[in-house]
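The chain contents come next:
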Amino acid sequence: MAEPAIELVGIDKRFGAVHANRDIHMRVEKGTIHGIIGENGAGKSTLMSILYGFYQADSGEIRINGQATRIADPNAAIALGIGMVHQHFMLVEKFTVLENVMLGVEGAPLLKNGISKARAELKRLEKEYQLDVDPDAPIEELPVGLQQRVEILKALYRGAEILVLDEPTGVLTPPEADHLFRILEQLKSQGKTIVLITHKLREIMAVTDNVSVMRQGAVVATRKTEETTVEELAELMVGRRVLLRVQKGEAKPGGVKLSVENLTVRDSRGVVMVDDASFTVRAGEIVGIAGVAGNGQSQLIETIAGIRAAVSGRVLLDGQIIDITGAADPGELRDRGLAHVPEDRHHMGLVLAFEEYENSILGYHDDPLYLNGPFLDLEAIKADARKKIEKYDIRPSDPRLKTANFSGGNQQKIVLAREMERDPGVLIIGQPTRGVDVGAIEFIHKRIIEMRDAGKAVLLVSVELDEIRSLSDRILVMFAGRIVGERDSDADEGELGLLMAGVEHKEAAE
Amino acid sequence: MSQPFAKLPAWADYGLLPLINLIVAFLVAGLVVLLVGESPIDAAVLMVKGAFGSGDGVGYTLYYATNFIFTGLCVAVAFHCGLFNIGGEGQAYIGGLGVSLVGLWLGNFLPWWLTFPLAILASALVGALWALIPAWLQAKRGSHVVITTIMFNFIAASIMVYVLVGVLKPAGSQAPETRVFAEGGQLPGLGWLLDLVGLSMRSAPLNVSFLLALVAAFLVWVLIWRTKLGYEIRTMGFSPKAARYAGISELRIIIITMMISGALAGMMALNPIMGAQHRMQLDFVAGAGFVGIAVALMGRSHPAGIVLAAILFGMLYQGGAEIAFDMPNISRDMIVIIQGLVILFAGALEHMFRPSLQRIFYRLGRAKNRTAAAAIAGGNQ
């Protein structure tokens, strides 16, 4: 058998008390697509950072094409033919495609010769791999799918034989993701080796040849993709059986709790982010807003929650108008029964430097329950926090622990406990399971369904289409700030994908 | 993702790290002393003796420390809100107006224990109002407080020159200062406190405002960690977005915090004016507002740390004066250099040794784990 493209032998890495990678052994065969799947914090990104020279392993060996090597920094990795496509693109927005591709490998102090050479080489690469991009288009004018293509071109331009993609589909619509997979197949057929890091089981099944499952820093299994199933992989990831499908009964919608009429929102630069949006959410139903990140969902829910100012339109909570001029007091909206789980847990929903119990009252710190005159009633707050910790199974169960030291899933549970336990009439939830491990996802989804069944109106925003489809009773699709369609929960995924991509915009709006 | 370094235990973060910074600062300062041909050891002995060796030495050290506690608290309170108030100097200077007003007027017919609370109120109020303008500009217009408070230091200095020379100077006097306050405008010394520990203070100006500074430090602790307002201030300081989400008004919190900060700086004026000189002189703040920044940094914005750091800087001021007096080669300016080095290492380069220290702790932790594992393995045999 040929030498494997990558062979990891006993890679071990600790960050203080965290054992990020435990004695990892992995073989990635040449000319294959190898998936690495695992929950957040399972050690996937650390492992790839070691491969790309960002970190050094404490022990263990990396062999590239059979040769033991030391990868001291990303330059060494590039010299070995390893290319990395990061989850967050490393592109200069104002530069053109060509300028971005040659950034760092200009070849000479004067750009003149370099540019024409780079242009020719880029042409060749585009042709060879069918990666069409206009070399003179500024990055900021390209859709994300094409920006990602530029990242791939950058790696190829530097002579990458091994391409590592870290969560590449997080920012893509389903059609864009399918296109990416076709590109990967094409690259594979040309003999490139591809490592695909993801937490989405579906993608693994769709595109990889082999898959390694990571859990708590260790590789717990490696399988041939065709010989495994989604259920087996999920169980390996979590370490126990998980319910992939959300179990829920029929919705029994009541009266309208939240009503949004012709809402238009601009950002600070004056760009229209929400464009004439109208919809209602009734008691006892979950309305999901599907859309690719950045299409106005964030602005929409922030405006309803009183954090952002609208240009025009009306929002009614229980038939009463909400102040959307930007002068609204989110505290007053809370009193009126509007709870908000924000998308940005790290900066908005929580103060990471606070101890857990301090975050358990954020936004409700005016409640006399937690106060003794102007003083905080620390005993009452901690007792309350302990109750929530128990009910929501927040681990570790220590209200004095700094919030930053909780895992993503447990941080989200802190926010959910705070917002749900106030028994709100309307619950707005943004990205309920972003950065949350599979085990916690199950729990969070159950709680959201329980809220619905208790007669609450739930407005759900998520970039995970699967999540929207499995939780929502009605689905609204947002594209470029407009609500371009409404579908039932059993809507066809392909159709939703097209709506999210803005295709058939006109027909869908009717 | 995880931090690449282990978190330090609290005692190392708040005790060991400042100590290392301090030792390095003194080593470098020792080199400077060596360079001008004096013995660093002798200088160190002189400094410690000068600062703590006699009743008067201690009295002066704590007198200076009093100033730095107030200005350090001023910087720290604003810092908890994410604001960098560099205007302590000007707020303290202007605060002197409040103190002088009470001292010049009420001091004539009220006893000190009645003028004192009134002077506290007046100085705090004037300091707070002086901080209100930059606070308003920050909250309403987004003008950065760092810039505006620096500018307000200069405005305060000019106003005070005008007021002292043009308004408050007694007719016929050549000195830019007020007349001496009547007895009711003079704060009693704390000689009795030093008597308790067997030291006698003759000429040092330590006075009851030192006790006020300690009370203020305690109240700041209560404010920041035990009140709803403090909770809101800290939320704003850590994350303005979270504050907005929680319904905390940015305008209100910035203004209140800056006014508390300014009030603390203003109260510093009590110490030199009513406590020591019994009159207001030109430039009585003498840089204490800026030292407060270093004190707050070194004290990690915690009142207990600030009191300790303030005493350290009090020692540098008092002990430094003794060195300058006894060592002919070391001038007053050399002392400023040494103080500057301490500020540099303890304040500006605060985190220089942190990564190495973290690495050491990480190694130690690993070695410990290994021995523990070996012990277990050994036990199994």
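Residues numbered from 1 in each chain as written. Chains lettered and ligands numbered in written order. Predicted model: local features only at pLDDT ≥ 70, side-chain atom pairs only at ≥ 80, totals over all residues.

Identification of chain B as Simple sugar transport system permease protein from Phyllobacterium trifolii is taken from an unreviewed UniProt entry. If you open the UniProt record of chain B and go to Subcellular location (unreviewed entry), you find "Cell membrane". (UniProt positions renumbered as here; feature names shortened; annotations may be inferred.)

Where an unreviewed UniProt entry is consulted, chain A appears under the name Simple sugar transport system ATP-binding protein, with the organism given as Phyllobacterium trifolii. As stated in UniProt under Subcellular location (unreviewed entry), the record for chain A gives "Cell membrane". Quoted straight from UniProt, the Sequence similarities (unreviewed entry) entry for chain A says "Belongs to the ABC transporter superfamily."

Chemist: Residue-level account of the overall build of chain B, with values.
Modeler: A tally of helices and strands in chain B yields 16 helices and zero strands. Scaling as 2.2 N^0.38, a compact globule of 381 residues should have a C-alpha radius of gyration of about 21 Å, and chain B matches this with 23 Å. Over its C-alpha atoms, taken along the principal directions, chain B stretches across nearly 95 × 60 × 40 Å. Counting over 381 residues, chain B shows a buried share of 49%. Intrachain contacts of chain B at a sequence separation of at least 6 include 78% that bridge at least 24 residues. (Helix = DSSP H or I, 4+ residues; strand = E, 2+ residues; numbered from the N terminus. Rg over C-alpha atoms; globule rule 2.2 N^0.38 Å. Buried ≥ 20, exposed ≤ 12 C-beta atoms within 10 Å, placed from the backbone. Contact = placed C-beta atoms within 7 Å.)

Chemist: So what about helix α14 (residues 408-420) of chain A? Which residues, and what values?
Modeler: Residues and elements named next belong to chain A. Look at α14: 18 Å from first C-alpha to last across 13 residues, which is about the 18 Å you get at 1.5 Å a residue. Counting buried positions along α14 yields twelve of 13 residues, so the element is predominantly enclosed. Of the residues making up α14, those classed as buried are Gly409, Asn410, Gln411, Gln412, Lys413, Ile414, Val415, Leu416, Ala417, Arg418, Glu419 and Met420. Buried residues along α14 sit in contact with β16 (338-341), α11 (345-349), α12 (356-359), α13 (378-391), β19 (426-430) and α15 (438-453). (Expected span 1.5 Å × (residues − 1).)

Chemist: How would you summarise the environment of threonine 257 of chain B if you had to cite specific residues and measurements?
Modeler: Following the sequence through the fold, threonine 257 of chain B ends up in helix α11 (residues 250-267). Between the C-alpha atom of threonine 257 of chain B and that of leucine 132 of chain B, which follows or precedes it by 125 residues, the distance is 9.5 Å.

Chemist: Before we move on, can you summarise the domain arrangement of chain A with the specific residues and values?
Modeler: All names here are of chain A. Segmenting chain A into domains produces domain 1 (6-238) and domain 2 (256-509). Placing the centre of domain 1 and that of domain 2 at their C-alpha centroids yields a distance of 33 Å. Counting from both sides, the interface comprises ten residues of domain 1 and, opposite them, 14 residues of domain 2. Elements with a minimum of two residues in the side of domain 1 that touches domain 2: α6 (174-189) and α8 (230-238). Looking at the side of domain 1 that touches domain 2 element by element, the count peaks at three residues for α8. Looking at side-chain class alone, the side of domain 1 that touches domain 2 contains six nonpolar, three polar and one charged residues. (Domains from an automatic or database assignment. Nonpolar A, V, L, I, M, F, W, Y, C, P; charged D, E, K, R; others polar.)

Chemist: With reference to specific residues and values, describe the interface of chain A and chain B.
Modeler: Each partner contributes residues to the interface: chain A has 26 residues there, and chain B has 22 residues. Secondary structure elements with two or more residues in the side of chain A that touches chain B: β2 (18-28), α1 (44-51), α10 (330-335), α11 and β18 (375-376) of chain A. It is α11 of chain A that provides the largest number of residues to the side of chain A that touches chain B, a total of three residues.

Chemist: Which residues make up the environment of glycine 349 of chain A, and what values do they have?
Modeler: Along the polypeptide, glycine 349 of chain A turns up in helix α11. When the C-alpha atoms of glycine 349 of chain A and proline 368 of chain A are compared, they prove to be 21 Å apart, with 19 residues separating the residues in sequence.

Chemist: Describe the sheet that holds strand β6 (residues 82-85) of chain A, naming the residues involved and giving the relevant values.
Modeler: All names here are of chain A. As summarised here, the arrangement of the six strands in space is β6-β7-β8-β3-β9-β10, forming an open sheet in which the pairing is mixed. Only two strands of the sheet have a single neighbouring strand rather than two, namely β6 and β10 (218-224). Taken pair by pair, the neighbouring strands of this sheet meet at an average axis angle of 20 degrees, ignoring direction. By the bridge criterion, five bridges tie strand β3 (residues 33-38) to strand β9 (residues 210-215) in an arrangement that is parallel. When the sheet's bridge partners are listed, histidine 34 is paired in β9 with asparagine 210. Sheet contacts for helix α5 (residues 144-157): β6 and β7 (162-166); angle to β6, the most-contacted strand, approximately 165 degrees. Against the sheet, α8 touches β3, β9 and β10, its axis set at about 30 degrees to β9. (Pairing = 2+ DSSP bridges. Axes fitted to C-alpha atoms, helices over the stretch in contact; angles between N-to-C directions.)

Chemist: Lay out unusual backbone geometry in plain terms, naming residues and giving numbers.
Modeler: Residues and elements named next belong to chain A. For the bond running from arginine 395 to proline 396, omega is -5 degrees, close enough to zero to count as cis. Mapped onto the fold, proline 396 is located in the loop between α13 and α14. A positive phi angle is found at aspartate 23, which is not glycine, with a value near 40 degrees. For aspartate 23, the location among the structural elements is in strand β2.

Chemist: Lay out the nonpolar core in plain terms, naming residues and giving numbers.
Modeler: Counting residues in each nonpolar core, the largest one holds 257 residues, and the members touching the most others are Val164 of chain A together with Leu73 of chain B. Composition of this core by domain shows at least three residues from each of domain 1 (6-238) and domain 2 (256-509) of chain A. If we ignore the near neighbours within four places in the chain, the residues touching valine 164 of chain A are Met48, Leu51, Tyr52, Ile82, Gly83, Met84, Val85 and Val195 of chain A. (Core = buried A, V, L, I, M, F, W, Y, C linked by C-beta atoms within 7 Å.)

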